[in-house]
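Working through the structure, step by step
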Amino acid sequence: MPAQAPRVAATGGGTDAVPRHVAIIMDGNGRWAKARFLPRLAGHKAGVEAVRRITRAARAMGIEALTLYAFSSENWRRPAEEVGDLMGLLKHFIRADLDEMVRENVRLKVIGDYHRFGPDIVSLVEGALARTAANSGPILVIALNYGAHAELTEAARRLAERAADGMLAPADITAEAIEAELETRDLPPLDLLIRTSGECRLSNFLLWQAAYAELLFVDTLWPDFDEAALRQAIAQFGRRQRRFGGL
């Protein structure tokens, strides 16, 4: 698949329809651990295993882009020890899974301001991005220190600066112009957004991109989300009629 994907969404409406771009809010690690009288770190470790299962399953199903909400801009409010544990798991995931991504022709992409993390993580992320940059297969997008409000604010600021410099007329600030400034501009349109754990909110995730995405909220806690759950979600997507505002 070329790096610049055509901006065409999957239509759904058939049992064999496969979304081109799926995003997941991976929620429920803490509750999974609590139900088992385990520390929260155990839930996060189980969540990493779920990431491995789902990324492999998504590739097998032919999903072109999978975006995972790994660390939000609001997650810094969590206890420092938990943030440190999450950073450790992120480093382990990159080190343990990068060779597989290269072997499977997966292109890694990161959205969000990952430069706020420590230099060791920044170096690991940038090394992984460089190693997979030429890959032409499915795209794995990891949202790190990501918030949709910040993404939209930055897009608006860049357009305003260009307008102030006389490089862009205010009348040319269209929806297409805003979309071209987003971090997802080189991805297929978002078709399906899943949130696990029973919570029914978007939590500042892909707010622009989700405008016409199909939303699915499932009760399954993220560490228990598996290939069968993903197939069931895609089957639901296939049964939906997507009209994009038309009839």
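In the block above lies the structure referred to throughout.
These notes cover the structure that comes with them. (Residues numbered from 1 in each chain as written. Predicted model: local features only at pLDDT ≥ 70, side-chain atom pairs only at ≥ 80, totals over all residues. Heavy atoms only, no water.)

**Quick word on the packing of helix α2 (residues 40-61) against helix α7 (residues 227-239)**
The contact between α2 and α7 brings their axes to 9 Å, and the two run at 45°. When the axes of α2 and α7 are compared, the pair comes out oblique. As for how α2 packs across α7, the hand of that crossing is right-handed. Of the residues in α7, those in contact with I54, A57, A58 and M61 of α2 are E227, L230, R231 and I234. Looking at side-chain class alone, the contact of α2 with α7 contains 6 nonpolar, no polar and 2 charged residues. (Axes fitted to C-alpha atoms, helices over the stretch in contact; angles between N-to-C directions. Helix = DSSP H or I, 4+ residues; strand = E, 2+ residues; numbered from the N terminus. Parallel < 35°, antiparallel > 145°, perpendicular 65-115°, else oblique. Left-handed = near helix turned anticlockwise from the far one by under 90°. Contact = heavy atoms within 4.5 Å. Nonpolar A, V, L, I, M, F, W, Y, C, P; charged D, E, K, R; others polar.)

**Describing the sheet that holds strand β1 (residues 21-25)**
One open sheet accounts for 6 strands, arranged β3-β4-β2-β1-β5-β6; its pairing is parallel. Only two strands of the sheet have a single partner each, and these edge strands are β3 (107-111) and β6 (214-217). Each neighbouring strand pair of the sheet contributes to a mean axis angle of 20°, computed without reference to strand direction. In this fold α7 packs onto β5 (192-195) and β6, with an angle of close to 135° to the strand it touches most, β5. (Pairing = 2+ DSSP bridges.)

**Brief notes about the pattern of salt bridges**
Counted by the stated rule, this structure contains 21 salt bridges. A salt bridge links E82 to R40; the shortest N-O distance between them is 3.0 Å. In this pair, E82 is assigned in helix α3 (residues 80-103) and R40 in helix α2, connecting sequence segments 42 residues apart. A salt bridge links E199 to R201; its shortest N-O distance comes to 2.9 Å. E199 sits in the partly exposed class, given a relative accessible area of 22%. In this structure R201 comes out as partly exposed when scored by relative accessible area, which is 44%. Among the charged side chains, a salt-bridge network with shared partners connects D27, R31, R195, E199 and R201. (Salt bridge = Lys/Arg side-chain N within 4 Å of Asp/Glu carboxyl O. Buried < 20%, exposed > 50% of the residue type's maximum accessible area, 1.4 Å probe, protein only.)

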